[in-house]
Amino acid sequence: MRVIAGRLGGRRLTAPRGRVTRPTSDRVREALFAMLADVSGTSVLDLFAGSGALGIEALSRGAARAVFVEHDAGALRALTHNLRALAIEQDAAEVRRGDALRALESARTREETYDLLFIDPPYGQARDWGPELSMALPSLLRPAARVVVESDRRAPLDLQMEVEHERRYGDTSLRIHRHQ
């Protein structure tokens, strides 16, 4: 696994061991960022961050800041290692350990808003997250923000938001939602 493009392009990323975390493949990330186009200057939230590959790719391509939320200890170790190994400055990347919904509530309390969100929950749980995330996200989204959802195509995570793009890559479904 590697960073696809930008200032960190070609650099290797560490993935967590085991089967708990399923990193987004290079092929899917490359296709996703082609659909997103320019992410320069954006504020990013990488929910269920895993190794941090999506948020790191955004930073490599010019995003101003990324907040990474992850609960799993192994994934947190890989994420922290990746940020250190790539020498990503602390003011550009913040790691928050914990539950996704609590992290969203905390962000709301801090009055944070984002231009780009990546949501990649464990495949077996994706369907369960749709209603809660659909209610929690709007107050955190800037006008015209995009929300990228990666899930299993057989059990997708459905958000109550307009779908701008949708693609399938094997068993992976990618949806890009646009906030109105």
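Provided above is the structure to which this section pertains.
To keep things clear, this report deals only with the structure shown in the data block. (Residues numbered from 1 in each chain as written. Predicted model: local features only at pLDDT ≥ 70, side-chain atom pairs only at ≥ 80, totals over all residues. Heavy atoms only, no water.)

With that out of the way, let us pick up the pairing of strand β2 (residues 65-70). Buried residues dominate β2, accounting for 5 of its 6 residues. Here strand β1 (residues 43-47) pairs with β2 via 5 bridges, running parallel. Residue pairing across strands places L47 opposite V69, the latter belonging to β2. After leaving β1, the chain enters helix α2 (residues 53-60) and then returns to the sheet as β2, a path that is right-handed. Pairing between β2 and strand β3 (residues 93-97): 5 bridges, direction parallel. The partner of V69 across the bridge, within β3, is R96. After leaving β2, the chain enters helix α3 (residues 73-85) and then returns to the sheet as β3, a path that is right-handed. (Buried < 20%, exposed > 50% of the residue type's maximum accessible area, 1.4 Å probe, protein only. Helix = DSSP H or I, 4+ residues; strand = E, 2+ residues; numbered from the N terminus. Pairing = 2+ DSSP bridges. Right-handed = clockwise from strand over helix to strand, strands pointing away.)

In this section: unusual backbone geometry. Positive phi values are uncommon outside glycine, yet A37 reaches one of about 65°. By the element assignment, A37 lies in the loop between α1 (26-36) and β1. Positive phi, normally seen in glycine, also occurs at E111, with a value near 60°. Note that E111 resides in the loop between α4 (100-109) and β4 (114-119). Judged by its relative accessible area of 70%, E111 falls in the exposed class.

Take it as geometry only, folks, not as evidence of what the structure does.
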